[in-house]
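Observations on the model geometry
For reference, the chains in residue letters:
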Amino acid sequence: MEPILKIEDLSVHYPINIGTVRAVEEVSLELHQGEVMGLVGESGCGKSTLGFSILRLLRPPGKIVGGRILYHGRDIVQMSEREILSLRGRKIAMIFQDPLTSLNPLFRIDQQFMETLFTHEKGLDKKEAFNRAGRMLESLGISPERLLDYPHQMSGGMRQRIMIGMGLILNPDLLIADEPTTSLDVIVEAQFLDLLNDLRRQFDLTIILITHNLGNVAQLADRITVMYGGTIAEIGPANEIFDEPLHPYTQGLLASIPNIKLDQPKLETMPGSPPDLVTPPPGCVFHPRCPHAKKICKHEIPEMTERDGHLVFCWLYR
Amino acid sequence: MREHMEELITVTDLKKHFPLQKGFLDNLLAREKGFVRAVDGVSFSIIKGEVLGLVGESGCGKTTTGRLILRLLEPSAGEVLYKGKPILSYSKKDMEKMREKMQVIFQDPYASLSPRMAIGKAIGHPLIIHNNYDKAELRQRCLRIMEKVGLTPASFLYRKYPHQLSGGQRQRVVIARALVTNPEFVVADEPIAMADVSVRAMILELMVQLKEEFDLTYLFITHDLATCKYICDRVAIMYLGKIVEMGPLEEVFKNPVHPYTATLLAAVPVPDPKYRRTHPIPKGEIPSPINPPPGCRFHPRCASAKSMCSIHEPDLLEVGPGHMVACFQ
């Protein structure tokens, strides 16, 4: 089957006064219809930049400097502004980290839903639009009466559910969720992830879940992409990534997260800190922190190794 | 066993009610003034050398409790004893002296460091306030603590400014600044919440190591139960300004008695794709602390609530050695 989204050698740079931030460097990724892909990494690894470039919503001075993003075979990078507008929201939706700043405090929830609907579906009947917004609220587990509320009258978890509802009201097939639960409390976070899992089936969604929280992706993702320093370290089925991580970075990351269900007396720590992407280290970007770094790692960018759909970019496996 | 040990901090029935601002209409109609009951009768003690985790969701009053103990906020009622001394009645001057022994680490290392102060100076700042060392000695003490927290090479980093450091290094600066006066008690308010995953483990390990080295006692405030496991000896779970359960870490984690504790434990995301949650997650969210529900504050969300739960407020009672629960079950 043709992948719904295929990213080929994508590079995104931010030219700033002291040089160029190589936020995403030659990244390739395939997304299959109906899967949930967890995009994991620490801050500054390029995961959000990658998400934003799929919708061409990069904040200036960010620019796609190379590569292709094929959505159902059509290259988003080459699209005109008009074409991309018809895609945004309608085919590909995105939800953001902070639901309070993403909703307009001056408008009622129904007005915000209707604005989205009328922008994309000209000539839609007002009553029909209202009803559709109401039905959406129901599938989010919120009473349709709340349509007449303002954002400040809702709790944080409800606002985040409204956000996802606004994303889904136009029936997109691809949802990009950028740290959707970071501003939520644990219990609300668990509720939200459960909801996302329901909606995924109900709306037949393909989801890119961008997060730094490995606990979140474990429960939801089918496959996981681990990013580090603007590049991909490893892509694989979720259970393989957790059970047999191949890349030393993934191994380090997994050993350093607390797991409430395990009896690990101590957390492992990774020395050093993520690289400066203006002057990334030569060769493998992870080599200065890597416990297994060899000579070749210091000057040559690792090639991809594939083992039954599990991809790793590391010289250990060549 | 615990009775024989020295209680460093004793908190009794501590309360903090923040008055709500009254609008014009409220004044006109002489409406009663409202309060946010951020902390509403909290009692616990911390033994010298132990780490007590204060856990809860946002708005439960955990941060306010930490600030009240340090008198960064003045309590509305209650008592705080430090080694048996009632510090709430201390004068401003006496309290300043106490602060040498009671320090705090805040969540955000970006907001708690002045961008215009070199980090060496920032770390030495508490020493200038509390003592009068000469310049050379001040520098020596700063360099020593910087090495202890892993800010090396210390003499090189001494002159750097916060923007030249990584997030992890900044948090180390904040820790060094808290420890430079040789405190006995440290309130750590979400010290790793802002840090990246790989940095979190490092800071946590550092805090454990420093605790042993400097014989510290921590009040570790966090929303994340999973991190508690690596540092806390005991945990206290807070909900809407009250402690609902408190006890030895293992005991509370293995046998949570209060339904809220059980829910909180079940909601922690587990980094294992094979793991399936068994405990149901209740609907709804934490209610407003302005008009908390009558009776047990958790009853509207509790699956096993009985009729009495909405009328009477349960007391914190002992259910096992050192294990206290406020629930009628």
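Residues numbered from 1 in each chain as written. Chains lettered and ligands numbered in written order. Predicted model: local features only at pLDDT ≥ 70, side-chain atom pairs only at ≥ 80, totals over all residues.

**Observations concerning the overall build of chain A**
This is how it is decided: Strands are runs of DSSP state E lasting at least 2 residues, helices are runs of H or I lasting at least 4, and numbering of each runs from the N terminus. C-alpha atoms define the radius of gyration, and 2.2 Å times the number of residues to the power 0.38 defines the globule rule. To sort residues by exposure, count the other C-beta atoms lying within 10 Å of each residue's C-beta; 20 or more gives buried, 12 or fewer gives exposed, and values between give partly exposed, all with C-beta atoms placed from the backbone. Our contact criterion uses C-beta atoms placed from the backbone: two residues qualify when those atoms are within 7 Å.
Looking only at helices and strands, chain A features ten helices and twelve strands. For chain A, whose C-alpha radius of gyration is 20 Å, the value lies close to the compact-globule estimate of 20 Å for 318 residues. Considered along the principal axes of its C-alpha atoms, chain A spans approximately 65 × 50 × 45 Å. Split into buried and exposed, the 318 residues of chain A put 47% on the buried side. Considering only residue pairs separated by 6 or more positions, chain A has 63% of its internal contacts joining residues 24 or more positions apart.

**Things to note about the overall build of chain B**
Helix and strand counts for chain B come out as eleven helices and twelve strands. The C-alpha radius of gyration of chain B comes to 21 Å, within 12% of the 20 Å expected for a compact globule of 329 residues. Split into buried and exposed, the 329 residues of chain B put 43% on the buried side. Within chain B, residue pairs in contact and separated by at least 24 positions form 66% of the contacts whose partners lie at least 6 positions apart.

**Some words on the interface of chain A and chain B**
Where we set the bar: Following the grouping adopted for this structure description, the nonpolar residues are Ala, Val, Leu, Ile, Met, Phe, Trp, Tyr, Cys and Pro, the charged ones are Asp, Glu, Lys and Arg, and the polar ones are all others, Gly among them.
On the side of chain B, 30 residues touch chain A, which itself brings 36 residues to the contact. Elements supplying a minimum of two residues to the side of chain A that touches chain B: helix H7 (186-202), helix H8 (214-220), helix H9 (238-243) and helix H10 (248-255) of chain A. Looking at which element gives the most residues to the side of chain A that touches chain B, the answer is H7(A), with seven residues. When its residues are assigned to classes, the side of chain A that touches chain B shows 15 nonpolar, 15 polar and six charged.

**Details of helix H6 (residues 156-168) of chain A**
All names here are of chain A. Put simply, the rule reads: Expected span, for any helix, means 1.5 Å times one less than how many residues it has.
For H6, which comprises 13 residues, the first-to-last C-alpha distance of 19 Å matches the rise-based estimate of 18 Å (1.5 Å per residue) to within 8%. For H6, a buried count of eleven out of 13 residues is recorded, marking the element as mostly surrounded by other parts of the structure. All buried positions along H6 are accounted for by Gly157, Met158, Arg159, Gln160, Arg161, Ile162, Met163, Ile164, Gly165, Met166 and Gly167.

**A short note on the nonpolar core**
The condition that has to hold: Residues of type Ala, Val, Leu, Ile, Met, Phe, Trp, Tyr and Cys that are buried and joined through C-beta atoms within 7 Å form what is called a nonpolar core.
Ranked by size, the top nonpolar core spans 181 residues in total, and within it A:Leu209, B:Met146, B:Ala176, B:Phe220 and B:Ile237 carry the most contacts. B:Met146 has contacts with B:Ile123, B:Leu151, B:Ala154, B:Leu157 and B:Ala176, leaving out every residue within four places of it along the chain.

**A short note on the packing of helix H4 (residues 119-130) of chain B against helix H5 (residues 135-148) of chain B**
Residue and element names in this part refer to chain B. Where we set the bar: Axis definition: a line fit to C-alpha positions, over the contact stretch in the case of helices; interaxial angles, taken between N-to-C directions, run 0 to 180 degrees. Angles below 35 degrees are treated as roughly parallel, those above 145 as roughly antiparallel, those between 65 and 115 as roughly perpendicular, and all remaining angles as oblique. Crossings are classed by handedness, with left-handed meaning an anticlockwise turn of the near helix from the far one by less than a right angle and right-handed meaning a clockwise turn.
Remark: H4 packs on H5, axes separated minimally by 9 Å, with the N-to-C direction vectors making an angle of 115°. By the criterion of interaxial angle, the relationship of H4 to H5 is roughly perpendicular. Like other packed secondary-structure pairs, H4 and H5 cross with a definite hand, here right-handed. Together, Gly120, Ile123, Gly124 and Leu127 of H4 and Leu138, Arg141, Cys142, Ile145 and Met146 of H5 make up the contact between the two elements. The class makeup of the residues in the contact of H4 with H5 is six nonpolar, two polar and one charged.

**Looking at the confidence of the model for chain B**
Residues and elements named next belong to chain B. The following threshold applies: The predictor reports its confidence for every residue as pLDDT, a score running from 0 up to 100.
Looking at chain B as a whole, its pLDDT mean stands at 90, while 99% of the residues score no less than 70. Considering each helix and strand of chain B separately, the mean pLDDT is smallest for helix H1 (residues 24-28), with a value of 74, and largest for strand E3 (residues 51-55), with 97. Confidence metrics for the complex model read pTM 0.88 and ipTM 0.83.

**What about the packing of H7(A) against helix H11 (residues 259-267) of chain B?**
Pairs of packed helices are described in terms of their axes, by the angle between the two and the distance that separates them. At a minimum axis distance of 8 Å, the contact between H7(A) and H11(B) shows a crossing angle of 55°. Comparing the axis directions of H7(A) and H11(B) gives the class oblique. Judged by the sense of rotation from one axis to the other, the crossing of H7(A) with H11(B) is left-handed. Between H7(A) and H11(B), the contacting residues are A:Val186, A:Ile187, A:Glu189 and A:Ala190 on the first element and B:Thr263, B:Leu264 and B:Ala267 on the second.

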